[in-house]
Amino acid sequence: EKIILNKGSAHGVKKNMAVQTARGLIGKITVVTPYTSQVELLYTNNSNYRVSALAQGSEGDVYGLVEGYDSERNELIFKRIDSSAVIEEGEKVVTSGLGGIFPKGILIGEVTEVTTDDFGLTKMAFVKPAAKFSLLENVIILMREVIEVDSVDGNGTNADLTNGTSEEEGDE
């Protein structure tokens, strides 16, 4: 499922920006034109669409991937959860910040049921989305600043910063 927004590259919108409502995450920008952009929603049928997420529980954070949508339950599927992890109904699921697209901490929804996957190797959970996908009138496009590291010293001199030690000296 996709929606079209009336903002595009002329407004600073770029591909892969996260999109949310006041209630929670709804998807990411997939296509940008100068004055419009297309959002692929979380409940897409695209099998390559995944969101790195975590459940915030009393026993600590539990990581997994939101991938897929159960149309009969109208819920997202939170997969690839470690089988030893403790995850319970009612826990909030948020973006993990891993993967480089979605900033950490954006609410996705709430766990409604926990079960094992088809092969019994990992757990999976059903997540009721926080956002109301049927009422998408106003959305927020999130800009994410990425810090690039150029791997040189601060002044760009490429000076030896090993304090005169080298691996060769240790071998003698």
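Predicted model only: the values in this text are computed from it and were never measured.

Draft legend 1. Representation of the pairing of strand β7 (residues 75-82) in the model. Direction of pairing for strand β6 (residues 60-70) relative to β7: antiparallel, over a ladder of 4 bridges. Residue pairing across strands places Tyr 69 opposite Leu 76, the latter belonging to β7. Once β6 ends, the chain turns through 4 residues before running back antiparallel as β7, passing Asn 74 with a positive phi of about 60°. Pairing geometry for β7 and strand β10 (residues 122-129), over 5 bridges, is antiparallel. Across the sheet, the residue bridging to Leu 76 is Val 127, located in β10.

Draft legend 2. How the structure looks around the sheet that holds strand β11 (residues 140-142). In spatial order, the strands read β1-β4-β3-β2-β11; together these 5 strands make up an open sheet with antiparallel pairing. A strand with exactly one partner marks an edge of an open sheet, and here the two such strands are β1 (2-5) and β11. Each neighbouring strand pair of the sheet contributes to a mean axis angle of 35°, computed without reference to strand direction. Sheet topology note: the strand β2 (residues 18-20)/β11 ladder contains 3 bridges and is antiparallel. Of the residues in β11, the one forming a bridge with Ala 18 is Leu 142.

Draft legend 3. Structural detail: the pattern of salt bridges. The full count for this structure, using the stated rule, is 5 salt bridges. Arg 50 serves as the salt-bridge partner of Glu 67, at 2.9 Å between the closest nitrogen and oxygen. In this pair, Glu 67 sits in strand β6 while Arg 50 sits in the loop between β4 (37-41) and β5 (51-57), placing the two residues 17 residues apart along the sequence. The closest approach of N and O atoms between Arg 73 and Glu 75, which form a salt bridge, is 2.9 Å. Judged by relative accessible area, Arg 73 falls into the partly exposed class, the value being 32%. Among the ionic contacts, a cluster of salt bridges with common partners joins Arg 50, Glu 67 and Arg 80.

Draft legend 4. Main features of unusual backbone geometry. One non-glycine residue, Asn 16, lies in the positive phi region at around 75°. Secondary-structure assignment places Asn 16 in the loop between β1 and β2. The phi dihedral of Arg 80 is positive, around 60°, even though this residue is not glycine.

Draft legend 5. Geometry of the nonpolar core. Formed by 34 residues in total, the largest nonpolar core has its most connected members in Leu 25, Leu 42, Val 51, Val 66, Phe 78, Val 93 and Ile 108. In this view, Leu 42 contacts Leu 25, Ile 26, Gly 27, Tyr 49, Val 51, Leu 76, Ile 108 and Phe 133; residues no more than four positions away in its chain are not counted.

Draft legend 6. Quick peek at the side chain of Lys 123. Structurally, Lys 123 is set in strand β10. Buried charge without a salt bridge: Lys 123, with Asp 82 as the nearest opposite-charge side chain at an N-O distance of 7.5 Å. A distance of 2.5 Å separates a polar atom in the side chain of Lys 123 from the backbone oxygen of Ala 85.

Draft legend 7. Structural context of the environment of Leu 121. Its place among the elements puts Leu 121 in the loop between β9 (107-116) and β10. Residue Leu 121 is classed as exposed on the basis of its relative accessible area, which comes to 64%. Sequence separation between Leu 121 and Ser 83 is 38 residues, and the spatial gap between their C-alpha atoms is 6.4 Å.

The rules we used
Residues numbered from 1 in each chain as written. Predicted model: local features only at pLDDT ≥ 70, side-chain atom pairs only at ≥ 80, totals over all residues. Heavy atoms only, no water. Pairing = 2+ DSSP bridges. Helix = DSSP H or I, 4+ residues; strand = E, 2+ residues; numbered from the N terminus. Axes fitted to C-alpha atoms, helices over the stretch in contact; angles between N-to-C directions. Salt bridge = Lys/Arg side-chain N within 4 Å of Asp/Glu carboxyl O. Buried < 20%, exposed > 50% of the residue type's maximum accessible area, 1.4 Å probe, protein only. Core = buried A, V, L, I, M, F, W, Y, C linked by side-chain atoms within 4.5 Å. Contact = heavy atoms within 4.5 Å. Lys, Arg positive; Asp, Glu negative; His and termini not counted. Polar contact = N/O pair within 3.5 Å; in protein donor to acceptor, adjacent residues only side chain to side chain.

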